[in-house]
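Structural overview
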Amino acid sequence: MTLLRRLTATGSALLTGAALIMVSPTPAAAAPTDAALALRWAPVHYQDTDSSDYDADYLSTIDYDAEWDTLNNWEHQDDNLARLTGWMYYSVVETSTHWFLVYAYYHPRDWEDFPDPFELFTHENDMEGMLLTVRKDGSEFGALEAMVTVAHDNFYSYLPAGSPYTAGRESVDGTLIVQNVGGVPHPATFQEAKGHGAFGWNGANFPGSDGVVYFPSATAAEVPSSGNDRSVAYRLADTFAAGGMWARRSDPVTYASFGTFRGDNGADNSANAPWGWDDHDDGGDIPRGLLATDPAYLVSVYFANRGSFSLTYTRNGFRA
């Protein structure tokens, strides 16, 4: 081979190699685990408390008393306050365009600070929560686009600054406020005392100036030092965990019916798991439980101007 042919061949190889390097795609970041994704977007949670019985407003787990019998959770609530460590349940389902994360807040009592002899205003067990819509935008944890919260039989819609979404069938009820934890922005949520309806935090102080602020943690689940503790760590429990809330969905010790907890204090069987949540007036095409089991459809109806938005699940544990 002549020198010219060698140089030409070598140059072609280099150019070919360079071309391959230039067009080779950047390796995609590994998809986060559900636990990591849930921790990334877990809310800073403002829990209002009532001074007549502070600890009745502390977050806990359904099995805080070391068993899943929900018929005695009202009675056991104040037996040992050390058991009322902060926890929050989460589930993750996904489409090709989005992750949908549901966070559920449990209290042993939905209560009032006045007598309820006719059992009209209170009930055993209480679970409210919220849904986050997170776009898969190529970053590790995506971009938060919307939040829907659950307050009894009403849902409320919030948008963070910069979200392209607009009101759809439902109105937008407010701006989703984010709060930094270790330099990472998290949605901020608020929950009422006693009845525990959940909303987006509006940036104001607690009614009556007393309340507990829960911060997400990967390792610590703390009990508030008082009803006015402004820094309490909570952990996350996977709704789909083996032996957990969803796995027990047919267990008559825990549930009176599908998605409804057993309870006999106050109004019987009046608290619902996420697949039992329902907004009373959002349309017949959004039945009970859809916020958890088919969140993509609910979001597609609640909001407009969503851009690329798939309704087909690549993974949905509520349909497994």
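See above for the structure.
As the structure is a prediction and not an experimental result, all values here were calculated from the model.

**Let's talk about the overall build of the protein**
Helix and strand counts for the protein come out as 5 helices and 17 strands. In terms of overall dimensions, the protein has a C-alpha envelope of 105 × 45 × 40 Å along the principal axes. Residues counted as buried form 52% of the 320 residues belonging to the protein. Contacts in the protein between residues far apart in sequence, at least 24 positions, make up 62% of those at least 6 positions apart.

**A short note on the pairing of strand β13 (residues 232-238)**
Across the 7 residues of β13, 5 count as buried, placing the element largely inside the fold. Where strand β2 (residues 87-95) meets β13, 4 bridges bridge the pair, whose relative direction is parallel. Bridge pairing in β13 links Tyr90 to Asp238.

**Structural notes on the side chain of Asn316**
When you line up the elements, Asn316 lands in the segment after β17 (313-315). A polar atom in the side chain of Asn316 sits 3.0 Å from the backbone nitrogen of Phe318. Not counting chain neighbours up to four residues away, the residues in contact with Asn316 comprise Val93 and Thr293.

**Some details on a negative patch on the surface**
Among the surface-exposed residues, Glu75, Glu119, Asp264 and Asp268 lie close enough to one another that they form a single negatively charged patch. If you trace the backbone, Asp268 turns up in the loop between β15 (260-261) and α4 (290-293).

**Here's the deal with the pattern of salt bridges**
Evaluation of the coordinates by the stated rule reveals 13 salt bridges. The partner of Asp78 in a salt bridge is Arg109, and the shortest N-O contact between them spans 3.7 Å. Of the two residues, Asp78 sits in the loop between α3 (73-76) and β2 while Arg109 sits in strand β3 (residues 98-110), which places them 31 residues apart along the sequence. Among the ionic pairs, Asp294 bridges to Arg319, the shortest N-O distance being 3.3 Å. In this pair, Asp294 is assigned in the loop between α4 and α5 (295-302) and Arg319 in the segment after β17, connecting sequence segments 25 residues apart. In this structure Asp294 comes out as buried when scored by relative accessible area, which is 13%. Look at Arg319 and you get exposed, because its relative accessible area is 52%. Taken together, the shared-partner salt bridges connect Asp34, Glu94, Lys136 and Arg315 into one network.

**Concerning the packing of aromatic side chains**
For the structure on display, the rule yields 16 aromatic pairs. Ring plane angle 85° and centroid distance 4.9 Å describe the contact between Trp246 and Trp275, whose orientation is recorded as edge-to-face. With Trp246 in the loop between β13 and β14 (255-257) and Trp275 in the loop between β15 and α4, this pair connects stretches of sequence that are 29 residues apart. The exposure class of Trp246 is buried, given its relative accessible area of 9%. You can call Trp275 buried: its relative accessible area is 2%. An aromatic cluster of at least three residues, connected via ring pairs, comprises Tyr106, Phe240, Trp246, Tyr255, Phe258, Phe261, Trp275 and Phe318. Against the face of Trp41 rests Arg40, its NZ or CZ located 3.8 Å from the ring centre. Arg306 extends its terminal NZ or CZ atom over the ring of Phe309, reaching a point 5.1 Å from the ring centre.

**Structural notes on the environment of Ser60**
Tracing the sequence through the fold places Ser60 in the loop between β1 (44-48) and α3. Taking relative accessible area as the criterion, Ser60 reaches 0% and is therefore assigned buried. Between the C-alpha atom of Ser60 and that of Met88, which follows or precedes it by 28 residues, the distance is 7.5 Å.

**Here we look at α5**
Counted residue by residue, α5 has 7 buried out of 8 residues, so it is predominantly covered. Along α5, the residues that are buried comprise Pro295, Ala296, Leu298, Val299, Ser300, Val301 and Tyr302.

About the criteria used
- Residues numbered from 1 in each chain as written.
- Predicted model: local features only at pLDDT ≥ 70, side-chain atom pairs only at ≥ 80, totals over all residues.
- Heavy atoms only, no water.
- Helix = DSSP H or I, 4+ residues; strand = E, 2+ residues; numbered from the N terminus.
- Buried < 20%, exposed > 50% of the residue type's maximum accessible area, 1.4 Å probe, protein only.
- Contact = heavy atoms within 4.5 Å.
- Pairing = 2+ DSSP bridges.
- Polar contact = N/O pair within 3.5 Å; in protein donor to acceptor, adjacent residues only side chain to side chain.
- Patch = residues over 30% accessible without salt bridge, like charges linked within 9 Å, V, L, I, M, F, W, Y side chains within 5 Å.
- Areas by Shrake-Rupley, 256 points an atom, 1.4 Å probe, with all protein chains shown as cover.
- Salt bridge = Lys/Arg side-chain N within 4 Å of Asp/Glu carboxyl O.
- Lys, Arg positive; Asp, Glu negative; His and termini not counted.
- Charge placed at Lys NZ, Arg CZ, Asp CG, Glu CD.
- Phe/Tyr/Trp six-rings, centres within 6.5 Å; stacked < 30°, edge-to-face > 60°.
- Lys NZ or Arg CZ within 6 Å of the ring centre and 35° of its normal.

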